[in-house]
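Observations on the three-dimensional arrangement
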Amino acid sequence: MSRPALTSVSVVVFLSIGCGGPSEADEVANDEVDASTTGAEIGDSTTGAEIGDSTTSDSTTSDSTTSDSTTTPDSDTTDTTDTTTGDGDPDIDLTFVAFGDAGEGSAEQYAVGAAVEVVCADKDCAFVLYLGDNFYDDGVASAMDEQFQTKFELPYADLDLPFKVVLGNHDYGVLSFAWEKAAYEIEYSNYSDKWELPSEYYTLEYPGVDLFVFDTTQFMWNHNTAEQQTWIDQQIAASTATWKIVAGHHPYYSNGEHGNAGSYEGFPFPPQLAGTTVKNVLDESMCGKVDVYLSGHDHNRQWLKPTCQGTSIIVSGAGAKTTDFAYHGGGNEVWWEDDTKPGFMLVHVTNTTMHTEFYDSDGVMEFERDIVK
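Residues numbered from 1 in each chain as written. Predicted model: local features only at pLDDT ≥ 70, side-chain atom pairs only at ≥ 80, totals over all residues. Heavy atoms only, no water.

With that out of the way, let us pick up the packing of aromatic side chains. Evaluation of the coordinates by the stated rule reveals 26 aromatic pairs. Ring centres of Tyr130 and Tyr156 lie 5.9 Å apart, and the angle between their planes is 85°; this geometry places the pair in the edge-to-face category. With a gap of 26 residues between them, Tyr130 in strand 6 (residues 127-130) and Tyr156 in the loop between helix 2 (147-153) and strand 7 (163-165) connect regions that are remote in the sequence. Relative to Trp195, the ring of Tyr130 lies with its centre 6.5 Å away and its plane at 80°, an arrangement referred to as edge-to-face. Of this pair, Tyr130 sits in strand 6 while Trp195 sits in strand 8 (residues 195-196), and the two are 65 residues apart along the sequence. For the pair shown, Tyr130 and Trp195 are each scored as buried. An aromatic cluster of at least three residues, connected via ring pairs, comprises Phe99, Tyr130, Phe135, Phe148, Phe152, Tyr156, Phe163, Tyr188, Tyr191 and Trp195. The ring of Trp303 carries Arg369 above its face, with NZ or CZ at 5.4 Å from the centroid. (Phe/Tyr/Trp six-rings, centres within 6.5 Å; stacked < 30°, edge-to-face > 60°. Helix = DSSP H or I, 4+ residues; strand = E, 2+ residues; numbered from the N terminus. Buried < 20%, exposed > 50% of the residue type's maximum accessible area, 1.4 Å probe, protein only. Lys NZ or Arg CZ within 6 Å of the ring centre and 35° of its normal.)

With respect to the element layout, Asn332 can be found in the loop between strand 15 (311-316) and strand 16 (334-338). There is a polar contact of 3.3 Å between the side chain of Asn332 and the backbone oxygen of Ser254. (Polar contact = N/O pair within 3.5 Å; in protein donor to acceptor, adjacent residues only side chain to side chain.)

Turning to unusual backbone geometry, a few remarks are in order. The bulk of non-glycine residues show a negative phi, and the bulk of peptide bonds are trans. In this chain, Tyr136 is followed by Asp137 through a cis amide linkage whose omega measures -10°. One can find Asp137 in the loop between strand 6 and helix 2. At Tyr327, a position not held by glycine, the phi torsion is positive, near 55°. Given a relative accessible area of 36%, Tyr327 falls into the partly exposed group.

We now examine the confidence of the model for the chain. Residue-level pLDDT values for the chain average 83, and 76% of them are 70 or greater. Of all helices and strands in the chain, the one with the weakest mean pLDDT is strand 2 (residues 33-34) (34), whereas strand 7 scores best (99). A low-confidence stretch, residues 1-59 stays under pLDDT 50, and its non-local contacts, those more than four residues away or across chains, total 243 contacts. Confidence over residues 67-88 falls short of pLDDT 50; this stretch has 44 contacts with residues more than four positions distant or in other chains. (pLDDT = per-residue confidence, 0-100. Contact = heavy atoms within 4.5 Å.)

What follows deals with a nonpolar patch on the surface. Judged by side-chain polarity, Val174, Leu175 and Phe177 come together as a nonpolar surface patch covering roughly 270 Å² of accessible area. By secondary structure assignment, the location of Val174 is in the loop between strand 7 and helix 3 (181-187). For Val174, a relative accessible area of 41% translates into the label partly exposed. (Patch = residues over 30% accessible without salt bridge, like charges linked within 9 Å, V, L, I, M, F, W, Y side chains within 5 Å. Areas by Shrake-Rupley, 256 points an atom, 1.4 Å probe, with all protein chains shown as cover. Salt bridge = Lys/Arg side-chain N within 4 Å of Asp/Glu carboxyl O.)

Here it is, written out as structure tokens:
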């Protein structure tokens, strides 16, 4: 898929702003089963329960909880491997991990990296989806900034995977609108064996899976919104992939400190700080058109029950630290959530199933859930 030409430098993720809008009340069955069984909890399914306002009407979901289990800036980042089944359909087999808000250089960041290494050695991961806030607190000052070493290369030195990078609010500086800073992270793709950020927003293509990376910090400030939204509409409309996934820094729904888009921090005003543009763009151009939205920004792990017109909402922002849940306005219902330990999410996509697992920084698998087409 094509990618827009580089703009000045814009990727958005605001320091303390979440993703808003009123929580949807999904009517979904919720029967938890033990991870060791073959039983499943069915939800978000037209075969077992109403989703409501969903364009992904063929999806079935199941989940279980466990407690004791141990490119360059000017080129598309695209895998065009021709792998097909006998009938010509893509033979989909993609595994990756997703986490964000990790740019600390802390012991916790090292621990998450070590846990990913162990899990992915067994799961055959293709890449890490790095969900923004890559360098606390003020981003980087150049492509030669030592933070690329202390807060990225060294913590993940033993992790032999490419990182598909998302920009977050701290990557644009403390105030999150130093737009020139994105160019430094883009340029660093030329010097690293594992850091991949071709542009502020871009598309990744794998057999049967399209992954769209948004720059939500630009939306926070309504910066180049029309340009990016036009690109989003074109890319999603052109996609024929079985699975469509969006990654951004700011959440749509969240029980964390930042909360829901459109009322970040629990306040609907002013619109800029409330994430009103984030919500509007996601409502208009993403909701109901893709399968899953993955974000960070809140430093915890959540799978939310409410969807945006059928698109599942997941937060995985505990890559180096945690922040307590705030439950603004009473909070959102969840399939599972944790704010006690850093950790990450693993995603395995096949022709019919998107299987997800949440791990903590010790490599303990705590929750798993499926979306089935």
